[in-house]
Amino acid sequence: MPEDASLNGEDPGSRARVLEMQIKLHRWATADPGRRFDDLFNLVHDPATLTMAFARVAGNQGAHTPGVDGLTVIEVEERIGAPGFLHDLRAALKDGSFRPLPVRERKIPKPGGSGKVRSLGIPTVADRVVQAALKLVLEPVFEADFTPVSYGFRPGRRAQDAIAEIHHFGTNGYRWVLDADIEACFDRIDHVALMDRVRARVKDKRVLALVKAFLKAGILTELGENKETMTGTPQGGILSPLLANIALSVLDEHLMEPWKPGGAMSTAWQRQARRRRKQLPNWRVVRYADDFVVLVNGSREDALAVREDVSQVLKPLGLRLSQEKTQVTHLEDGIDFLGFHIQWRRKKGTDQWHVYTFIAKRPIRQLKAKIRALTRRQSQQDLKALLIRINQIVRGWSAYFRHAVAKNQFSALADFIWWRVMRMLRARHDWTWKDIRRRFVTPCGRWRPISAEGTELFDMAAVAVTRYRWRGARIPSPWTEIRA
């Protein structure tokens, strides 16, 4: 790449070259499930790969957050220049002098108001770029092996696909649920077991050494102490979700082994005519990163047996199920998963039972807490800036949940937000309700939207609620689609 080339966004030439490389790797990995790939290191430090990796790091939300060296992406661009930075980084990778630095620990509160915190590990910009480059090379290889039942941090897949999978199989009789929780999954994954999984596909010792170096890089705690990382893959790194999926894919493979061609659950006839008539259970796992449920078409005892089986599979990875949070429940009682509440219940006014997907209580509480924090009555924040921030939150939230049974909830939340903003304005300007009606009611008796300098308060009640289409195993890979 020319030294003066622009790095504001992904370079089209680099993107095309990297995509071509990924398509080939994915095709070869799919064609030969036992193939171990050598000479991947040259692809990692290829200028096109590093250019695309830097563009993705620069476009990430954490681009303004420094690592232990104190540098952000903007400072790297201003002080060194992106081309020079990538040139030096490539040289360090090629001559073997590159060494990952410890990640900077940052603790954030866990959602739900429990008071617990989650530790994030923030790598340096250089480490993020190398991790992104590794991900660009390794992901197409391992995606060829991943089963279609995992959805978290995978290209082309989203949380709604996981919810649709639960809805589909719940409708078809899989109503006992192992609602599982892995204790500190990202912190406890055994490095030896993980590296064994990586070695099954990667033969290049330089790539293996690089992955291991990131796992062993250590943590600089908030107290300024250096802590070794004997297990786990710190949350916050670009490579961590892929490594976690590689480790946890052993669970997917184990539970989905009977679903493979020739297996005991491979066809609908085998599942129904052979197994269910003999009172044998069928099961289906749905996993999103370290959150997963196992749907069982059988009895409670069958679901408990699956729980013990899962515990044994996780042991070699250094992982275990939380005794407090892991439970076996019936879909009639409902489960909360990825912010949704999924329940098998009777349709009002009929004797028909269906699986419904609602919005869980916790995300509603979290949204209300955010709105309350923004609309305190003593707040003097500029109204336009306030409306922009509220709209950003509400648009994203409603887009995520618009495939649930959410119309009434959207209307109730729209009313809640309107009243919060209106009460804040009333206290700020010392308005009476007569003043409010004079300003916000038209001569025809209709309410005008709350607005400021052309920015209107987003009306969540107007969001269209639609059923999300279940895609099952038909979700295409970005490296197998036909491209012009």
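Everything below is about the structure shown above.
Residues numbered from 1 in each chain as written. Predicted model: local features only at pLDDT ≥ 70, side-chain atom pairs only at ≥ 80, totals over all residues. Heavy atoms only, no water.

Chemist: Residues and numbers for the overall build of the protein, please.
Modeler: Counting its regular elements, the protein contains 17 helices and 13 strands. The C-alpha radius of gyration of the protein comes to 26 Å, within 12% of the 23 Å expected for a compact globule of 484 residues. Each principal axis of the C-alpha atoms in the protein carries an extent, and together these give about 75 × 70 × 50 Å. Taken across its 484 residues, the protein has 48% of its residues classed as buried. Within the protein, counting contacts between residues at least 6 apart in sequence, those at least 24 apart form 70% of the total. Surface summary for the protein: the accessible area is close to 24,700 Å², and the carbon and sulfur share equals 50%. Here the protein holds 79 positive side-chain charges and 54 negative ones, and the gap between their average locations is 7 Å. (Helix = DSSP H or I, 4+ residues; strand = E, 2+ residues; numbered from the N terminus. Rg over C-alpha atoms; globule rule 2.2 N^0.38 Å. Buried < 20%, exposed > 50% of the residue type's maximum accessible area, 1.4 Å probe, protein only. Contact = heavy atoms within 4.5 Å. Areas by Shrake-Rupley, 256 points an atom, 1.4 Å probe, with all protein chains shown as cover. Lys, Arg positive; Asp, Glu negative; His and termini not counted. Charge placed at Lys NZ, Arg CZ, Asp CG, Glu CD.)

Chemist: Can you break down the packing of aromatic side chains residue by residue, with the values?
Modeler: In this description, an aromatic ring pair is defined by two values, namely the gap between the centres and the angle between the planes. This model, assessed by the stated rule, comprises 17 aromatic pairs. Between Trp-397 and Phe-401, the ring centres sit 4.7 Å apart and the planes meet at 50°, which makes this aromatic pair tilted. Of this pair, Trp-397 and Phe-401 both sit in helix H15 (residues 383-401), four residues apart, which is roughly one turn of that helix. The residues Trp-397 and Phe-401 share a single accessibility class, namely buried. Ring pairs connect the aromatic residues Phe-340, Trp-397, Tyr-400, Phe-401 and Phe-410, which therefore count as one cluster. The ring of Trp-259 carries Arg-284 above its face, with NZ or CZ at 4.5 Å from the centroid. (Phe/Tyr/Trp six-rings, centres within 6.5 Å; stacked < 30°, edge-to-face > 60°. Lys NZ or Arg CZ within 6 Å of the ring centre and 35° of its normal.)

Chemist: Describe a positive patch on the surface, with residues and values.
Modeler: On the surface, Lys-110, Lys-116, Lys-325, Lys-361, Arg-362 and Arg-365 cluster together into a positively charged patch. In this fold, Arg-362 is placed in helix H14 (residues 361-374). (Patch = residues over 30% accessible without salt bridge, like charges linked within 9 Å, V, L, I, M, F, W, Y side chains within 5 Å. Salt bridge = Lys/Arg side-chain N within 4 Å of Asp/Glu carboxyl O.)

Chemist: Mind laying out empty space enclosed by the protein, listing which residues take part and the relevant values?
Modeler: Per the stated rule, a full pass over the model turns up one cavity of 30 Å³ or more. Considered as a void within the structure, the largest cavity measures approximately 150 Å³ in volume. Lining the largest cavity are 18 residues; nearest its centre among them are Val-103, Gln-131, Phe-214, Pro-234 and Ser-240. For the lining of the largest cavity, the secondary-structure elements that each account for two or more residues are helix H6 (125-143), helix H10 (205-215) and helix H11 (240-256). Broken down by class, the residue content of the lining of the largest cavity amounts to 10 nonpolar, seven polar and one charged. (1 Å grid on protein atoms, 1.4 Å probe; cavity = no way out; pocket = protein on both sides within 12 Å on 5 of 7 lines; lining within 4 Å. Points joined across faces, edges and corners; volume = space filled by probe spheres on them. Nonpolar A, V, L, I, M, F, W, Y, C, P; charged D, E, K, R; others polar.)

Chemist: Could you give an account of the packing of H11 against helix H13 (residues 300-314), with specific residues and numbers?
Modeler: Between H11 and H13, the shortest axis-to-axis distance is 10 Å and the interhelical angle comes to 140°. Here H11 lies oblique to H13, going by the angle between them. Crossing of H11 over H13 shows right-handed handedness. On the side of H11, the interface is formed by Leu-248, Val-250, Leu-251, His-254 and Leu-255, while H13 contributes Asp-309, Val-310, Val-313 and Leu-314. Looking at the contact of H11 with H13 residue by residue, the class counts come to seven nonpolar, one polar and one charged. (Axes fitted to C-alpha atoms, helices over the stretch in contact; angles between N-to-C directions. Parallel < 35°, antiparallel > 145°, perpendicular 65-115°, else oblique. Left-handed = near helix turned anticlockwise from the far one by under 90°.)

Chemist: So what's going on with the sheet that holds strand E4 (residues 219-220)? Which residues, and what values?
Modeler: Strand order in the open sheet formed by four strands is E2-E1-E4-E5, and the pairing between neighbours is mixed. Edge strands, defined here as strands with exactly one partner in the open sheet, are strand E2 (117-122) and strand E5 (226-227). Examined bridge by bridge, strand E1 (residues 103-109) and E4 share two bridges and lie parallel to one another. Paired with Val-103 across the two strands is Ile-219, which belongs to E4. (Pairing = 2+ DSSP bridges.)

Chemist: Please provide a residue-by-residue account of the sheet that holds strand E6 (residues 282-288), values included.
Modeler: Read from one edge to the other, the open sheet built from four strands follows the order E6-E7-E3-E8, with strand pairing classed as antiparallel. This sheet does not close on itself; its edge strands, each paired only once, are E6 and strand E8 (327-330). Averaged over all pairs of adjacent strands, the angle between their axes in this sheet comes to 20°, without regard to strand direction. The pairing of strand E3 (residues 176-181) with strand E7 (residues 291-297) spans six bridges and is antiparallel. Across the sheet, residue Asp-181 finds its bridge partner in E7, namely Asp-291.

Chemist: Which residues make up the environment of Asp-127, and what values do they have?
Modeler: Inspection of the secondary structure puts Asp-127 in helix H6. Take Asp-127: its relative accessible area is 3%, and that puts it in the buried class. Spatially, the C-alpha atom of Asp-127 lies 23 Å from that of Arg-201, the residues being 74 residues apart in sequence. Those residues in contact with Asp-127, other than ones at most four positions away along the chain, are Phe-98, Arg-99, Pro-100, Leu-101 and Phe-214.

Chemist: Explain the environment of Phe-410 to me, and be specific about the residues and the numbers.
Modeler: Note on placement: Phe-410 falls in helix H16 (residues 407-429). A residue is classified by how much of its surface remains accessible, and Phe-410, at 0% relative accessible area, is buried. Taking C-alpha positions, Phe-410 is 7.8 Å from Val-463, a pair spaced 53 residues apart along the chain. The residues contacting Phe-410, other than those within four sequence positions of it, are Ile-359, Trp-397, Ser-398, Phe-401, Arg-402, Met-460, Ala-461, Val-463 and Val-465.

Chemist: Describe in detail H16, supporting the description with residues and values.
Modeler: The first and last C-alpha atoms of H16 sit 33 Å apart over 23 residues, in line with the 33 Å expected at 1.5 Å per residue. Elements that come into contact with the buried residues of H16 comprise strand E11 (353-359), H14, H15 and helix H17 (433-440). (Expected span 1.5 Å × (residues − 1).)

Chemist: An account of the pattern of salt bridges is needed here, citing residue identities and associated values.
Modeler: As enumerated under the stated definition, the model contains 18 salt bridges in all. Asp-204 is the partner of Arg-206 in a salt bridge, and the nearest nitrogen-oxygen pair spans 3.5 Å. Classification of Asp-204 as buried rests on a relative accessible area of 2%. Residue Asp-435 is joined to Arg-438 by a salt bridge in which the shortest nitrogen-to-oxygen separation is 3.0 Å. Taken as a pair, Asp-435 and Arg-438 lie in helix H17 at a separation of three residues, close to a single helical turn. Counted as one network, the salt bridges with shared partners bring together Asp-39, Asp-204 and Arg-206.

Function cannot be read off these values alone, since they describe shape.
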